[in-house]
Amino acid sequence: MIPFARDGELVTARFTPGERELLEALARQLVALLEERAAESPADVLYAQLGIGGPSAPPLDPAMARLLPDAYRGDAGAASEHRRLTELGLVDRKVANALAVIRTVSTKVAVLDQGDVQAWLRHLTDLRLVLAARLQIEDDGDEGNGDEGMLDLYDWLGYLQGTLVEVIE
Amino acid sequence: MAEVLEDVELRSETLSDQPWVTIVWNDPVNLMNYVSYVFRSYFGHSAQEADRLMLLVHNEGRAVVASGGREDMERHVEAMHDFGLWATLAKEGS
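Position labels on residues start from 1 in each chain and follow its written sequence. Each chain takes a letter, starting from A, and each ligand takes a number, starting from 1, following the order in which they are written. Reporting of local features is limited, given that this is a predicted model, to residues whose pLDDT is at least 70; pairs of side-chain atoms are given and counted only at 80 or more, and all residues count toward the totals for whole chains, interfaces and linings. Working from all heavy atoms in the structure, the side-chain values ignore hydrogens and water.

A. A look at the interface of chain A and chain B. Taken together, the contact pairs 32 residues of chain A with 26 residues of chain B. Between chain A and chain B, roughly 2500 Å² of surface is buried when both sides are summed, and carbon and sulfur atoms account for 53% of that area. Buried area: the accessible surface (1.4 Å probe) lost by two parts on joining, summed over both. Of all residues in chain A, Y72, R73 and D140 of chain A give up the largest surface area on contact with chain B, accounting jointly for 22% of the area buried on that side. Any carboxyl oxygen of Asp or Glu that lies within 4 Å of a side-chain nitrogen of Lys or Arg is treated as forming a salt bridge with it. The tally of links from chain A across to chain B stands at four salt bridges. Identification of polar contacts relies on pairs of N or O atoms within 3.5 Å, with a donor-acceptor requirement for protein atoms, meaning one able to donate a hydrogen and the other able to accept it, and with residues adjacent in sequence counted only if both atoms are side-chain atoms. For the pair chain A and chain B, the number of links is 14 residue pairs in polar contact (both at pLDDT 80 or more). Secondary structure elements follow DSSP: runs of H or I no shorter than four residues count as helices, runs of E no shorter than two count as strands, and numbering proceeds from the N terminus. Taken together, the elements giving at least two residues each to the side of chain A that touches chain B come down to α4 (76-105), α5 (114-135) and α6 (148-168) of chain A. Tallying contributions element by element places α5 of chain A first for the side of chain A that touches chain B, with eight residues. Each residue belonging to the side of chain A that touches chain B can be placed in one class, and the counts come to 12 nonpolar, seven polar and 13 charged. The contact criterion used is simple: two residues touch if any of their non-hydrogen atoms lie within 4.5 Å. For this classification, Asp, Glu, Lys and Arg are treated as charged, while Ala, Val, Leu, Ile, Met, Phe, Trp, Tyr, Cys and Pro are nonpolar and the rest, including Gly, are polar.

B. Structural detail: a nonpolar patch on the surface. Residues and elements named next belong to chain A. Side chains of L10, V109 and V111 sit close together on the surface and give an oily, nonpolar patch of about 200 Å² of accessible area. Relative to the assigned elements, V111 resides in strand β3 (residues 109-112). Given the relative accessible area of 45%, V111 is considered partly exposed. Surface patches are drawn from residues lacking salt bridges whose relative accessible area is over 30%; two like charges belong together within 9 Å, two nonpolar side chains (Val, Leu, Ile, Met, Phe, Trp, Tyr) within 5 Å. Shrake-Rupley sampling with a 1.4 Å probe provides the accessible areas, and residues are treated as covered by the protein chains on show and by no other component. Exposed residues in this analysis have more than 50% of their type's maximum accessible area, buried residues have under 20%, and partly exposed residues fall in between, with area computed by a 1.4 Å probe over protein chains only.

Have a look at this one:
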């Protein structure tokens, strides 16, 4: 059953209690990963308030490296400078998206305004990027490393995202 | 004399306006309808142009989705990373 339905400017989402628990747990795990990454940066309060002064090297974890990619290829200096100025802001926005999902999925029928829909779309993408890295899905057609449960979850999140795009179009 | 100066001005303007491009790279994760949606909703492309760019990314491995000043391209790349698309910027033709 398609969980999303359009209601004028709003989108409603209906999930089973188990699905809601799962989506909330995944969002919390992603927040933890992102906060762990943010904590690696030097704690300069003034820079942090401006959302700059973050790390200059990409994350070592391939999943986080895909969530927070270099903005330049083949120019390590420019990539590093850009990352230092923008990564904390990007992390903050990804955390905010996850928190919006946690907030809205807590009710039996989630009512999503346009901002919530954007948060859901981005967050579902982020979850799938992390799972794909864990499953070692690197090229079109890759079917993962054999973890069937994780692959099912990856496919289900893709189904959710695909149907959410269809519903808002 | 005047002609020479004009030439110099034209050339320096060409250099300072050297465009940058935003490139979106293929990845095995993002759904085709989502990528097309991002191109429409963020760049304001028509459905036809968004689908053309999305298929270019899918089939060729990459597509230039915007060009202009460096700061604008940095902003676009950051927005693409918000959406979870894999994007970089570069000098045009590089």
